[in-house]
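Overview (structure and organization)
What follows is the residue order along each chain.
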Amino acid sequence: MIPEFEKFKGFSAKNLPKDEPLASGHRACQGCGEVLALRMVMKALGREVIVCNATGCMEIITTPFPQTAWNVPWIHVAFENAAAVASGVEAGRKALMRKGRIPKRHIDILVVGGDGATGDIGLQCISGAFERGHDLLYVCLDNEAYMNTGIQRSGCTPYGAMTTTSPPGKESFGQVTWKKNIPAIMAAHGIPYVATASPAYYLDLMNKVKKAALVKGPAYVHIYSPCPTGWGSAGDKSVEYARLAVETKVFPLYEVIEGRYIISRKITKPKPVSDYLKGQRRFRHLTDEQISYIQNRVDTEYEKIVKLAEMS
């Protein structure tokens, strides 16, 4: 067990932080699940944090020059190098404290990236930062495509989903590959803490972020982030889809603490995957046969997590 977790005191509905490190008035789309998740992340961390933000929706909507929604130190960097920049920030923080240039106190280093910046373009910099053991928290806000550049497919786009670069037609049916398992890739680095989270379960999300910040060394939290614009779903249904993704086993909630898998919310009576798919325009072209394939694959992938937890 990680020593910092022994006396861990989590958030409850009665003691949620009132401070808002991420201010309102940003320019997110109506019903954006990503900025909802980011607000929860920042409330969990507070203001003693430096944020390194990869290019993506959250960078675009929070910092239209000359305005900013950030009430903490924040730097925007490219798609591919946010983790590398955060590594330098973390090393610089240590050096400045060692030389007495700034007071010695705990300052979190947070990296924020979308699924494209995390699982595709920036994967090598993240792997390097984790391998070197930098003391930072990486949060992936996964809306399952490159949304701010025109809804192109990413490695995290789910099987069958329609995007502008995986369109359904006479000879195609949308995305042809299964969603890349980024949390498993991060856990394979042997880092102390990896977790998945959903804004529909806000206390679980915030407590996982708080745990991740306590870890000495790299930590990773992968957050499911509904996107009404890219998914073709109703803006007022984002939390509902975030919950359905968990209830249908599409997006399992779990932690990997020093290699040990712990399921946060075990689903014993799952809802059918079709409940999750319907209402999202990106899936409306799927046939019953394709939905049945997705259901079988979801069940298989979930059982893998269950077995890993049992083995742990």
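All values reported here derive from a predicted model rather than from experimental measurement.

Criteria and cut-off values
Residues numbered from 1 in each chain as written. Predicted model: local features only at pLDDT ≥ 70, side-chain atom pairs only at ≥ 80, totals over all residues. Heavy atoms only, no water. Helix = DSSP H or I, 4+ residues; strand = E, 2+ residues; numbered from the N terminus. Polar contact = N/O pair within 3.5 Å; in protein donor to acceptor, adjacent residues only side chain to side chain. Contact = heavy atoms within 4.5 Å. Buried < 20%, exposed > 50% of the residue type's maximum accessible area, 1.4 Å probe, protein only. Salt bridge = Lys/Arg side-chain N within 4 Å of Asp/Glu carboxyl O.

1. Here's the deal with the side chain of T63
With respect to the helices and strands, the residue T63 is situated in the loop between α2 (57-62) and β2 (74-77). Reaching out from T63, the side chain makes a polar contact with the backbone oxygen of E59 at a distance of 2.6 Å. Once you skip the residues sitting within four places of it in the chain, T63 turns out to touch T68, W70 and W74.

2. Concerning the side chain of T62
The residue T62 is located in helix α2 in this model. Taking relative accessible area as the criterion, T62 reaches 1% and is therefore assigned buried. A distance of 2.6 Å separates the side chain of T62 from the backbone oxygen of M58, its partner in a polar contact. In this view, T62 contacts L22, H26, Q67, T68, A69, W70 and W74; residues no more than four positions away in its chain are not counted.

3. What about the environment of Y254?
When you line up the elements, Y254 lands in strand β9 (residues 254-257). Sequence-wise, Y254 and T196 are 58 residues apart; in three dimensions their C-alpha atoms are separated by 5.7 Å. Setting aside residues no more than four positions away along its own chain, Y254 makes contact with N181, P183, V194, A195, T196, K208, Y261, I262, I263, S264 and I305.

4. Some points on the pattern of salt bridges
Overall, the coordinates contain 20 salt bridges when judged by the stated rule. Across the salt bridge formed by K237 and E240, the nearest N and O atoms sit 3.4 Å from each other. Accessibility expressed as a relative area gives 33% for K237, which makes it partly exposed. K249 is the partner of D299 in a salt bridge, and the nearest nitrogen-oxygen pair spans 3.3 Å. With D299 in helix α11 (residues 288-311) and K249 in the loop between α9 (238-247) and β9, the pair connects residues that are 50 residues apart, well separated along the chain. Taking relative accessible area as the criterion, D299 reaches 26% and is therefore assigned partly exposed. The class for K249 is buried, based on a relative accessible area of 10%. Through salt bridges that share partners, E90, R93, K94 and D135 make up one connected network.

Take it as geometry only, folks, not as evidence of what the structure does.
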